[in-house]
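Listed below, chain by chain, are the residues.
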Amino acid sequence: MRDQIDLLAMVTVLGVLEQAYFAVQVIYARRKYKISPPETRGHPEFERTFRAQANCSEYFPIFISLLWVAGIFFHQGVTAVCGLLYLYTRLKYFQGYTVAAQGRLGPLYATAWLLWLLLGLALAGLLTHFLWPSSSSWMSALAWPLQLRSA
């Protein structure tokens, strides 16, 4: 069983470490600009760092949910690659946002696209699971119309 989820587990742990890195960056910015919790206003660089971390945290549960559903019901390898790309683009988003608000836009669009892709993979896997419960994989379910045609 572990070999069926090991890549998903690895991406999940990397995602948690990334979230921790973002949180630590907020702590550093608080110290640098002397902004004590619970204050969220202050120097513009602090505010951008704080917002970048908050935005990344808000999307993390969506990402993790889609990662696991797509990985279990569609394909672990494809999903893990998408997950790694998502984490990379989230890092670029965070780095871009902390420098300038406009710096977040390119990576923001990339992360949105990857979330939509993960959603599509999850839905494809779930549909296959429920429509063709006896099939061993989504590939055999996709080949089903071709089998009807040749019969």
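Shown above is the structure to which this text applies.
Presented here is a report on the structure given in the accompanying data block. (Residues numbered from 1 in each chain as written. Predicted model: local features only at pLDDT ≥ 70, side-chain atom pairs only at ≥ 80, totals over all residues. Heavy atoms only, no water.)

1. Topic: the packing of helix α1 (residues 6–33) against helix α3 (residues 76–99)
Packed helices, taken two at a time, are described by their axes: the angle between them and the distance between them. Put simply, α1 and α3 touch, their axes get as near as 9 Å, and they point 10 degrees apart. Viewed along their axes, α1 and α3 adopt a mutual orientation that is roughly parallel. Along the contact surface, α1 presents Asp6, Leu7, Leu8, Met10, Val11, Leu14, Gly15, Glu18, Tyr21, Phe22 and Gln25, while α3 presents Gln76, Gly77, Thr79, Ala80, Gly83, Leu84, Leu87, Arg90, Leu91 and Phe94. Here the contact of α1 with α3 is composed, by residue class, of 12 nonpolar, 6 polar and 3 charged. (Axes fitted to C-alpha atoms, helices over the stretch in contact; angles between N-to-C directions. Helix = DSSP H or I, 4+ residues; strand = E, 2+ residues; numbered from the N terminus. Parallel < 35°, antiparallel > 145°, perpendicular 65-115°, else oblique. Contact = heavy atoms within 4.5 Å. Nonpolar A, V, L, I, M, F, W, Y, C, P; charged D, E, K, R; others polar.)

2. Re unusual backbone geometry
Across the junction of Pro37 and Pro38, the peptide omega takes the value 10 degrees, indicating a cis bond. The backbone phi angle of Lys34 is positive, close to 55 degrees, even though this residue is not glycine. For Lys34, the position within the fold is in the loop between α1 and α2 (44–73).

3. Structural notes on the side chain of Thr98
Mapped onto the fold, Thr98 is located in helix α3. Looking at Thr98, its side chain comes within polar contact range of the main-chain oxygen of Gln95, at 2.9 Å. With sequence-adjacent residues up to four places away left out, Thr98 is seen in contact with Glu45, Arg48 and Thr49. (Polar contact = N/O pair within 3.5 Å; in protein donor to acceptor, adjacent residues only side chain to side chain.)

4. Description of the packing of aromatic side chains
Pairs of aromatic rings are described using the distance from one ring centre to the other and the angle between the two planes. Under the counting rule described, the total for this entry stands at 7 aromatic pairs. For the ring pair Phe63 and Tyr86, a centre distance of 4.3 Å and an interplane angle of 15 degrees mean the geometry is stacked. Highlighted residues: Phe63 in helix α2 and Tyr86 in helix α3, separated in sequence by 23 residues. Taken as a pair, Phe63 and Tyr86 share a single burial class, namely buried. A ring pair is formed by Tyr93 and Tyr97, whose centres lie 5.7 Å apart and whose planes are at 75 degrees; its orientation type is edge-to-face. One end of the pair, Tyr93, and the other, Tyr97, are both in helix α3, 4 residues apart, so they sit about a helical turn from each other. In this structure an aromatic cluster arises from ring pairing among Tyr21, Phe22 and Phe94. Sitting over the ring of Tyr97, Arg104 keeps its end group 5.1 Å from the ring centre. (Phe/Tyr/Trp six-rings, centres within 6.5 Å; stacked < 30°, edge-to-face > 60°. Buried < 20%, exposed > 50% of the residue type's maximum accessible area, 1.4 Å probe, protein only. Lys NZ or Arg CZ within 6 Å of the ring centre and 35° of its normal.)

5. A few points about the pattern of salt bridges
Applying the stated criterion across every chain yields a total of 3 salt bridges. Of the charged contacts in the structure, one is a salt bridge between Glu45 and Lys32, with a shortest N-O distance of 3.8 Å. Of the two residues, Glu45 sits in helix α2 while Lys32 sits in helix α1, which places them 13 residues apart along the sequence. Taking the relative accessible area as the measure of exposure, Lys32 reaches 53% and is therefore exposed. Close ionic contact of Arg41 with Glu47 constitutes a salt bridge, the shortest N to O distance being 3.8 Å. (Salt bridge = Lys/Arg side-chain N within 4 Å of Asp/Glu carboxyl O.)

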